[in-house]
Structures are given as structure tokens and as C-alpha cells.
Amino acid sequence: MEFLRPTTWAEALAAKADQPDAVPIQGGTDVMVEINFSVRRPPALLDLTAVPELATWSLDGGRYRIGAAVPYSTIIGELGGALPGLAQAARTVGSPQIRNRGSVGGNLGAASPAGDSHPPLLAAGAAVEVESRGRGVRMIPADAFYLGVKRSALLPDELIRAVHVEPAAGPQYFSKVGTRNAMVIAVCSFAVALHPDERRVGTGLGSAAPTPRRAREAEEFLAAELDWSAPLQPALLARFGELCAGAAAPIDDVRGTAGYRRHAIAVLARRTLTWAWHDHLERRAA
Amino acid sequence: MRVTFTVNGREETAEDVWEGESLLYVLRERLGLPGSKNACEQGECGSCTVYLDDAPVCACLVAAGQAQGRRVRTVEGLAERGLDPVQEAFVETGAVQCGFCTPGLVVQAHDLLERVERPSDAEIREALAGNLCRCTGYEKILDAVRLAAERKAAAR
Ligand SMILES: Cc1cc2nc3c(=O)[nH]c(=O)nc-3n(C[C@H](O)[C@H](O)[C@H](O)COP(=O)(O)OP(=O)(O)OC[C@H]3O[C@@H](n4cnc5c(N)ncnc54)[C@H](O)[C@@H]3O)c2cc1C
Ligand code: FES
Ligand code: FES
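Residues numbered from 1 in each chain as written. Chains lettered and ligands numbered in written order. Predicted model: local features only at pLDDT ≥ 70, side-chain atom pairs only at ≥ 80, totals over all residues. Heavy atoms only, no water.

Under an unreviewed UniProt entry, chain B has the name (2Fe-2S)-binding protein and belongs to Nonomuraea ferruginea.

Under an unreviewed UniProt entry, chain A has the name FAD binding domain-containing protein and belongs to Nonomuraea harbinensis.

Here you go:
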């Protein structure tokens, strides 16, 4: 095995172009588990932690640009106000030790349907910045990034450089079902983001289909039916839950049955929208 | 490959490191620092917790090469000038039974008390959520962290 350690982004892209089968490693919280258990023996590890810019975030033209290697603990500590949905999800990842190393870039690289970053990125309409030496930068909308179980739109010679997210325009919530309040791979999860300026609600489902996905019909239903100045109608809330559950295509596995997941998605959808709506009306009244 | 980094304030070099090797393996098997424990090798138990620069991490999930040029502090490093108050408190409260989880818990609790002077019980539980103990039932561990917090606050 080779160990490649570029110190600039250009060197990193060159290394990936020259050796597309090199496996990028940032926090290592997915990669090292596979190596320790001999699940994976890549010809090379491409360590990105010596490229300083990947571990920083900035506010760029009104959008947050979060470097691929920024750890969850930084997102929780520094971006919780601007990106509450993503920060709430980050806070549920693993343990403090895992959050000090694990990153959104790594979560995207792994593209697990259960990854906790994905639902809030989908709900907020985030975009993933990827780049290759040969073809340059591509901006991939989150909802076009996930292609299948642990498969993404990232090509073999590309690396993830950053994720771009608008600061929250309205309340955002993330909720996750698991057996404990830590160290839990989601049985299923759900994120909601209100965009009051556009009279639109974004959604994201986790661990409830082969890929993280939006509940598009549910979003369209709310865009058409919501009265943004009134309390939520119970019938509307129930229908929203049903449509979100309908967007799921879950499986039975050790963590839960498909039926349970569909039911839980409806509950999480109603619950998170209720919390968000409560905040929305409070802000309007203030 | 060769990896050079600072461990407990001293520069150390490990030779013939396999590229897929973990920082935990290098510490225990190549540098003679067996304090950090290897229990799960998958980030689940926290018994391998060390500081990497200033953040506690699972050493089993850090590739050795990623530590090149960085600072590592292990449980041994906390005791260089006598036991740290966290270590003393673990002994005094009976928070140690078989002791396998102790080094990781000590480092993780040390980090908590560096950041939060008087943590609430909820904060202690959240901070220690990634450290498993199969013996104590955790109550004595919580006692130890509360005692260490009191002593550190009094010494400030
Ligand atoms: C104990 C434990 C608990 C966990 N709990 C959770 C949890 O609650 N929720 C959750 O979502 N995840 C969890 N995980 C999984 C993991 O922590 C996350 O997926 C994390 O986001 C991975 O980030 P990383 O930087 O450590 O990735 P790495 O392990 O370094 O990489 C992950 C994948 O992304 C690729 N990659 C990394 N960086 C790039 C890049 N810049 N460009 C292209 N590809 C790249 C790698 O090649 C690899 O395939 C847990 C893991 C452990 C060990
Ligand atoms: S040995 Fe590293 S977390 Fe268990
Ligand atoms: S004292 Fe035995 S595992 Fe904690």
C-alpha cells in the first residue's frame, strides 16, 4: 500500500488523477474501520488532512462554503446559528471523538443512505463542489449527488472540495430514530427546512430508501396548501406525514423493518414540521 | 514508511510503519506506550482515546501517517508530573475495576474539564457517550468526573 500526503489542493487533484484507485482519507472514521477489519486493502491511501484549506469554512457570496474535511465538532461549535439543521444532525453523529474527526466530506464520500449529513443538506438545497484535474469544478446539487446504496455522482478522478449551503432562511430541524442518544446509525431520520421568503418547505429522508432523498410530493403539497400566517391544520399535517412516508422505499434489516421505518418517517415529518412551524409563527409575532 | 510526530512533548520516530497501520498500533507496539487500549478497533468503545493536537480522538481510526508532524498526548502524558486530578479522582472514587476503559475515559474527561469548568451531569454524559465500560455501571465514573471538576476549580 502507498501513503500519499499532498499538502496543496492541486497536488491532491494530481494524485487522484494519476491514481484514481487511491482511497481518500480524512477523519478515517469510515476508511480505518474497513482497513482495521481487512474489508478494504486499497493500493493507496490519499490523506487529505495535510491540505489546510479543506479544514476551513468561509462565507462566500452569501453562502457557506464548508471545506470537505471540516469536522462535525466545528460545525456544531461555529455554524449552529447559521445552519441549524446540519448542526443538529452533526450533534447526533457517533460520539465526541468521532465528531472531532468525522466530516461532511467523508459522509458524502461514503454516501451511505444512513449518513446523518444528507437529510439536512437535501432540505436546505445544498450543493457539493467536486473537482478533477482534467475537467475542473462541478457543482452537484445534493439531490443529484446520491445515486444508489453507497454510490454517488463522484467520478474516480474527482475529489470533494466543499459543500455549499445557504444560511437558514427560516427554522430547520433534524430528527433521528435510534436505540440510544449516541453511537447510533439512524434507523431512519428526517430533516425539514422552512424557506418562508419563497413560501417553500424543503425535506430530506435518511435511512429510508437506497439513497437519501427528498419527499418531493410532500414539498409540492405544502407549497400549494400552506397558509404561512396561520397555525398548522391537523389534516394538512397528517397529509404531510403520509406523503413523506410515501416517499420512503425502506427495507427490513437488523435495525428495523420497512413498515416501522415508513411509520416513523411520518411521525418524524409531522414532529419536525410542528417544531419548525412553532418557531416560524413565533418569529412572525416578534 | 517512517512517521515522526510529537508524543507527550517528545519527538518520536517510528520506522517500518505499514501504510494502513493505525496510530494506536504505533503507540502501543512501536513506541512502548501501552496505556491507550485496543478493544474494538472501530471507534465504538473509546478505550484508545488520545489527544491529536488539541482534540480527543480514537487512535484506532487515525492512520499512522496522518499523525506525521502533529502532536499526540496519551494517558501516560497526563501523568508526567504526578497523577492528574482526573486520574486521582478515578482512583479515589472507585471508578476503576478491570481498568481497561480507564485510560480512554481519563483522556476524554480531561478534555471535558479543560473546556468546561463545572460540567452538568448531562454534559458529562454527553462527553463520555463514546466510552464504554463493562464493569462499573458508570456511576462511580460520574462521581470521579464531578470530584475532579471540583478539585480543578478549587485549584484555579
Ligand atoms: C463509532 C462510529 C460511529 C459513527 N456514527 C455515525 C453517525 O451517527 N452518523 C453518521 O452519519 N455516520 C457515522 N459514522 C460514520 C462516519 O463517522 C461518517 O460517515 C463521517 O462523516 C465520515 O467522515 P470522515 O472524514 O471520517 O471520512 P473518511 O473515513 O476519511 O472517508 C469516508 C469516505 O469518503 C471518502 N472521502 C473522504 N474525503 C473525501 C474527499 N475529499 N473527496 C472524495 N472522497 C472522500 C473516503 O474515501 C471514504 O470512502 C460513524 C463511524 C464510527 C466509527
Ligand atoms: S479501540 Fe478505538 S474506539 Fe475501541
Ligand atoms: S472498569 Fe472494566 S471496562 Fe471499565
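That was the structure; now back to the text.
Next up on the list: the interface of chain B and chain A. Across the contact, 33 residues belong to chain B and 29 residues belong to chain A. Of the roughly 2300 Å² buried where chain B meets chain A, counting both sides, 55% is carbon and sulfur surface. A per-residue breakdown of the area chain B buries against chain A is headed by Leu61, Gln66 and Glu126 of chain B, which together make up 26% of the total. For Arg99 of chain A, the salt bridge is made with Glu126 of chain B, and the minimal N-O distance between the two is 3.8 Å. Put simply, chain B and chain A have 14 residue pairs in polar contact (both at pLDDT 80 or more) between them. The element contributing the most residues to the side of chain B that touches chain A is strand β4 (residues 55-58) of chain B, with four residues. (Contact = heavy atoms within 4.5 Å. Buried area = accessible area lost by both parts, 1.4 Å probe. Salt bridge = Lys/Arg side-chain N within 4 Å of Asp/Glu carboxyl O. Polar contact = N/O pair within 3.5 Å; in protein donor to acceptor, adjacent residues only side chain to side chain. Helix = DSSP H or I, 4+ residues; strand = E, 2+ residues; numbered from the N terminus.)

Residues and elements named next belong to chain A. Taken together, three strands build an open sheet; the order of strands is β11-β12-β13 and the sheet is antiparallel. Where the open sheet ends on each side, the last strands, each with one partner, are β11 (172-177) and β13 (200-206). Strand-to-strand twist of the sheet, defined as the mean angle between neighbouring strand axes without regard to direction, takes the value 10°. With seven bridges joining them, strand β12 (residues 188-195) and β13 adopt antiparallel strand pairing. Its bridge partner lying in β13, His195 is registered against Arg200. (Pairing = 2+ DSSP bridges. Axes fitted to C-alpha atoms, helices over the stretch in contact; angles between N-to-C directions.)

Residues and elements named next belong to chain A. Remark: helix α10 (residues 234-247) packs on helix α11 (residues 258-285), axes separated minimally by 8 Å, with the N-to-C direction vectors making an angle of 135°. By the angle between their axes, α10 is oblique relative to α11. Crossing of α10 against α11: the hand is right-handed. Together, Leu237, Ala238, Phe240, Gly241, Cys244 and Ala245 of α10 and Arg262, Ile265, Ala266, Ala269, Arg270, Leu273 and Thr274 of α11 make up the contact between the two elements. Residue composition of the contact of α10 with α11, grouped by class: nine nonpolar, two polar and two charged. (Parallel < 35°, antiparallel > 145°, perpendicular 65-115°, else oblique. Left-handed = near helix turned anticlockwise from the far one by under 90°. Nonpolar A, V, L, I, M, F, W, Y, C, P; charged D, E, K, R; others polar.)

So, on to the UniProt feature "domain: FAD-binding PCMH-type" (unreviewed entry) in chain A. The positions that UniProt labels "domain: FAD-binding PCMH-type" (unreviewed entry) are, in the present scheme, residues 1-170 of chain A. The span residues 1-170 of chain A shows a helical share of 32% and a strand share of 25%, and its end C-alpha atoms are spaced 48 Å apart. (UniProt positions renumbered as here; feature names shortened; annotations may be inferred.)

Residues and elements named next belong to chain B. Looking at the element boundaries, Thr74 is found in the loop between β5 (71-73) and α2 (75-78). Polar side-chain contacts of Thr74 include one of 2.6 Å to the side chain of Glu76. Apart from residues no more than four positions distant in its own chain, Thr74 is found in contact with Val7, Asn8, Leu27, Ser36, Val50 and Val107.

A word on the site of ligand 1. Neighbouring ligand 1 are 37 residues; Pro24, Gln26, Thr29, Tyr72 and Ser103 of chain A lie closest to it. The site occupied by ligand 1 is bordered by residues of chains A and B. A distance of 2.7 Å is found between an oxygen atom of ligand 1 and a side-chain nitrogen or oxygen belonging to Asp30 of chain A. At a separation of 2.6 Å, an oxygen atom of ligand 1 approaches a polar side-chain atom of Ser103 of chain A. (Near = heavy atom within 4 Å.)

All names here are of chain A. One non-glycine residue, Ala111, lies in positive phi territory at about 50°. By the secondary structure assignment, Ala111 is in the loop between α6 (104-110) and α7 (118-124). Residue Lys150 is not a glycine yet carries a positive backbone phi of 55°. Position of Lys150 relative to the elements: it lies in the loop between β8 (146-148) and β9 (151-152). By relative accessible area, Lys150 is classed as exposed at 57%. (Buried < 20%, exposed > 50% of the residue type's maximum accessible area, 1.4 Å probe, protein only.)

A few words now on the pattern of salt bridges. Residue and element names in this part refer to chain A. In the structure shown here, the tally under the stated rule is 31 salt bridges over all chains. Among the salt bridges present, the one from Asp18 reaches Arg133, with a minimum N-O distance of 3.0 Å. Remark: Arg133 occurs in the loop between β6 (127-132) and β7 (136-141) and Asp18 occurs in helix α1 (residues 9-18); sequence separation between them is 115 residues. With a closest N to O distance of 2.7 Å, Arg214 and Glu219 form a salt bridge. Judged by relative accessible area, Arg214 falls into the partly exposed class, the value being 24%. What emerges from the salt-bridge pattern is a single network uniting Arg135, Arg138, Asp157 and Glu158.

Whether parallel or antiparallel, the strands of a sheet pair through hydrogen bonds between backbone atoms. Residues and elements named next belong to chain B. Taken in spatial order, the five strands of this open sheet run β2-β1-β5-β3-β4, and their pairing is mixed. Of all the strands in the sheet, just β2 (10-14) and β4 have a single pairing partner and so form its edges. The mean angle between the axes of side-by-side strands here comes to 40°, regardless of whether they run parallel or antiparallel. Two elements, strand β3 (residues 49-52) and β5, share two bridges in a ladder whose sense is antiparallel. Its bridge partner lying in β5, Tyr51 is registered against Arg73. Its contacts with the sheet place helix α1 (residues 23-30) against β1 (3-7), β2, β3 and β5, and it is angled at close to 80° to β1.

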